[in-house]
Amino acid sequence: MDTYYDPSDLQQFGDVCKDAPELGKAFFDYYGKIFAEGALSGREKCLMGLAVALTVQCPYCIESFTKQCLEQGSTLEEMTEAAHVVTAIRGGASLVHGMQMRRMAEKLSM
Amino acid sequence: MPGSAAACTVRPDGVAPFARNLEAHGLALVRDAALTLQVNVGLLCNLACRHCHLEAGPARTEVMSPDTMRQVAEHARTHAYAAIDVTGGAPELVPGIAGFMARLAPLAKRTMFRTNLLALAREESRELLEVLVENQVALVASLPSLAASQAEAQRGKGVLDHSLAMLRRLNDLGYGAEGSGLDLDLVSNPTGAFLPPGQEAAERRFKADLARRHGIAFNRLYVFANVPLGRYRKWLEASGNYEGYVRRLADAFNPCTLAGLMCRTLVSVGWDGQVYDCDFNQAEGLPMGGVPRRIHELDGPPAAGARIAVGDHCYACTAGAGFT
């Protein structure tokens, strides 16, 4: 193995639970139901999936949800905005912790 | 030579030839009663879209002659079709097209004219547009995406704004308005190496977005997978997407699509009068019944039960919900 990530892993994802087939079946049944049309459309769920994929920085998920977003008719504008939502929340999450910094610094400062 | 896909790319491992795939499923693709006469009046086009299976463009010179137009009209008059569907290239650029449409329109219950919108927007198309309105010819207009970057990546710079302007003009003429008798349908092909979205959901979104952002109305949206032939195939090969795309199509093969495939009820006539089972077989050079024939040589529409010529490109029409 030359790299930790291999693109062909994605096609063989189903094999990952070979040694625990009942758990695997439960997971993939659940996964399939989650992405079916519901109160949220399949397209909306795929955009959310893309946002989470970018957040967890999973290359398999980024490949899969990029393709699924395009096949659901999402535009590059929408997908790019989803990436900015991720960026805003990740950046905002760091920035809001600045409040802890400020409280600590103010307590220690004259 | 444009039009005949060079067999320079091998079929991906594990993807069976389409004909063998049908056999493996115990299926055969055969004709039903012919309902639609599709007339491709030429490969000349003002655009050179990257997904075009016919490689139409401004440099092409192939257009239907007045004699062939006469033969097509005579065939349509003698053998009543439910629908006549005129396509190209850009049919607007073909000399004599306004008169041809005026002759064809009374011969079928529904007549359709495919347009890329920009060719119809030209001043030279004014007379044609009057004929289309007067004869209540349905317009089927290409609009791949409402995102400028994607629409223009497929069709060329500035295309989206011009398309939207022409759609507004068509709305002003009554096209797309309920009860006007002037149908305005849109066609969206994916702008890359991926399959189209579900038609109903995409139509809802196009209707909402076009109304909200541009004040445009239309009747129906059709979404079609791109067929890996012609210029699109060359792009797939050059971009390293051919194998993945063909595999994606084959993996999405849906035997249930066969009953509703448009090739079962279509007679496709090329610019030179040659007849095919569909426009894609025309691009691939696969004549109807395996024998090259021109429209005036047909005794009538092909008989139900006749076998349809197939190739690996047929995977595009049988993927997912299918090409109907």
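My aim in this report is to walk through the structure given alongside it, one point at a time. (Residues numbered from 1 in each chain as written. Chains lettered and ligands numbered in written order. Predicted model: local features only at pLDDT ≥ 70, side-chain atom pairs only at ≥ 80, totals over all residues. Heavy atoms only, no water.)

**Quick notes on the overall build of chain B**
So, point 1. Per the secondary structure count, chain B includes eleven helices and eight strands.
So, point 2. Taken over C-alpha atoms, the radius of gyration comes to 19 Å for chain B, in line with the 20 Å a tight globule of 324 residues would show.
So, point 3. Taken across its 324 residues, chain B has 55% of its residues classed as buried.
So, point 4. Partitioning the contacts of chain B with sequence separation of at least 6, the portion at a separation of at least 24 is 75%.
So, point 5. Element-wise, carbon and sulfur atoms account for 52% of the exposed surface of chain B, whose accessible area totals about 13,600 Å².
So, point 6. With 32 positive and 33 negative side-chain charges, chain B shows a spacing of 3 Å between the two charge centroids. (Helix = DSSP H or I, 4+ residues; strand = E, 2+ residues; numbered from the N terminus. Rg over C-alpha atoms; globule rule 2.2 N^0.38 Å. Buried < 20%, exposed > 50% of the residue type's maximum accessible area, 1.4 Å probe, protein only. Contact = heavy atoms within 4.5 Å. Areas by Shrake-Rupley, 256 points an atom, 1.4 Å probe, with all protein chains shown as cover. Lys, Arg positive; Asp, Glu negative; His and termini not counted. Charge placed at Lys NZ, Arg CZ, Asp CG, Glu CD.)

**Description of the overall build of chain A**
So, point 1. The helix and strand inventory of chain A stands at five helices and zero strands.
So, point 2. Relative to the 2.2 N^0.38 estimate, which gives 13 Å for 110 residues, the radius of gyration of chain A is 19 Å and therefore markedly larger than a compact globule would have.
So, point 3. Projected onto its principal axes, the C-alpha positions of chain A cover 60 × 35 × 30 Å.
So, point 4. Within the span of chain A, comprising 110 residues, buried residues form 22% of the whole.
So, point 5. If you take every contact in chain A between residues at least 6 apart in sequence, the share linking residues at least 24 apart comes to 53%.
So, point 6. For chain A, the accessible surface area stands at approximately 8,400 Å², while carbon and sulfur atoms represent 64% of it.
So, point 7. Of the side-chain charges in chain A, 10 are positive and 15 negative, and the distance between the mean point of each set is 11 Å.

**Quick word on the interface of chain A and chain B**
So, point 1. Of the residues lining the interface, ten residues belong to chain A; the matching set on chain B comes to ten residues.
So, point 2. Interface area for chain A against chain B, summed over the two sides, is near 890 Å², with a carbon-plus-sulfur share of 47%.
So, point 3. The three residues of chain A that bury the most area against chain B are Leu70, Glu71 and Glu77 of chain A, which together make up 56% of that side's buried surface.
So, point 4. Connecting chain A to chain B are two salt bridges.
So, point 5. Note that Arg248 of chain B is salt-bridged to Glu71 of chain A, the shortest N-O span being 2.6 Å.
So, point 6. Taken together, chain A and chain B are joined by four residue pairs in polar contact (both at pLDDT 80 or more).
So, point 7. Elements represented by at least two residues in the side of chain A that touches chain B include exactly α3 (59-71) and α4 (76-96) of chain A.
So, point 8. At three residues, α4 of chain A tops the list of elements feeding residues into the side of chain A that touches chain B. (Buried area = accessible area lost by both parts, 1.4 Å probe. Salt bridge = Lys/Arg side-chain N within 4 Å of Asp/Glu carboxyl O. Polar contact = N/O pair within 3.5 Å; in protein donor to acceptor, adjacent residues only side chain to side chain.)

**Concerning a nonpolar patch on the surface**
Residue and element names in this part refer to chain A.
So, point 1. Taken together, the side chains of Phe13, Val16, Phe27 and Tyr31 define a hydrophobic patch exposed on the protein surface, amounting to about 360 Å² of accessible area.
So, point 2. For Phe13, the position within the fold is in the segment before α1 (21-34).
So, point 3. Taking relative accessible area as the criterion, Phe13 reaches 39% and is therefore assigned partly exposed. (Patch = residues over 30% accessible without salt bridge, like charges linked within 9 Å, V, L, I, M, F, W, Y side chains within 5 Å.)

**Overview of the packing of aromatic side chains**
Any aromatic ring pair is given by two values, namely how distant the centres are and how the planes are angled relative to each other.
Residues and elements named next belong to chain A.
So, point 1. A full pass over the atoms with the stated rule returns 13 aromatic pairs over all chains.
So, point 2. Where Phe35 meets Phe65, the ring centres are 5.4 Å apart and the plane angle is 45°; that geometry is what we call tilted. Residue Phe35 is found in the loop between α1 and α2 (42-56), and its partner Phe65 is found in helix α3; the two are separated by 30 residues along the sequence.
So, point 3. Owing to a relative accessible area of 26%, Phe35 belongs among the partly exposed residues under this scheme. (Phe/Tyr/Trp six-rings, centres within 6.5 Å; stacked < 30°, edge-to-face > 60°.)

**A short note on the sheet that holds strand β8 (residues 275-276) of chain B**
Residue and element names in this part refer to chain B.
So, point 1. The strand order across the open sheet built from eight strands is β6-β5-β4-β3-β2-β1-β7-β8, with neighbouring strands paired in mixed fashion. Each of the sheet's edge strands pairs with one partner strand only, and the pair in question is β6 (221-223) and β8.
So, point 2. In terms of strand pairing, strand β5 (residues 184-188) meets β6 through three bridges, oriented parallel. Looking at the pairing, Val187 lines up with Tyr222 of β6.
So, point 3. Sheet strands in contact with helix α2 (residues 66-78) are β1 (36-40), β2 (81-87) and β7 (266-269), and its direction is about 175° off that of β1.
So, point 4. Running over the sheet, helix α3 (residues 97-104) touches β1, β2 and β3 (108-115) and is turned about 155° from β3. (Pairing = 2+ DSSP bridges. Axes fitted to C-alpha atoms, helices over the stretch in contact; angles between N-to-C directions.)

**Describing the pattern of salt bridges**
So, point 1. Using the criterion set out here, one finds 22 salt bridges over all chains in the structure.
So, point 2. As a salt-bridge pair, Arg205 of chain B and Glu78 of chain A come within 4.0 Å of each other at their nearest N and O atoms. A residue pair is termed interchain when its members come from two chains, as with Arg205 of chain B in helix α8 (residues 199-214) and Glu78 of chain A in helix α4.
So, point 3. Relative accessible area serves as the criterion here: at 15%, Arg205 of chain B is assigned to the buried category.
So, point 4. Given a relative accessible area of 23%, Glu78 of chain A falls into the partly exposed group.
So, point 5. Measuring nitrogen to oxygen at the nearest pair gives 3.2 Å for the salt bridge that ties Glu237 of chain B to Arg233 of chain B. Separated by four residues within a single helix, Glu237 of chain B and Arg233 of chain B lie in helix α9 (residues 230-238), roughly one turn from each other.
So, point 6. Taking relative accessible area as the criterion, Arg233 of chain B reaches 10% and is therefore assigned buried.
So, point 7. Through salt bridges that share partners, Arg110, Asp183, Asp185 and Arg220 of chain B make up one connected network.

**Concerning unusual backbone geometry**
All names here are of chain B.
So, point 1. Of note, the amide linkage connecting Gly88 to Gly89 takes the cis form, showing an omega dihedral of 25°.
So, point 2. Tracing the backbone shows Gly89 in the loop between β2 and α3.
So, point 3. Although it is not a glycine, Leu117 adopts a positive phi angle of roughly 75°.
So, point 4. Locating Leu117 in the fold gives a position in the loop between β3 and α4 (118-121).
So, point 5. You will see that Gln136, though not glycine, has its phi angle at about 50°, which is positive.
So, point 6. Residue position: Gln136 is located in the loop between α5 (126-134) and β4 (138-142).
So, point 7. On the basis of relative accessible area, Gln136 is assigned to the partly exposed category, the value being 45%.

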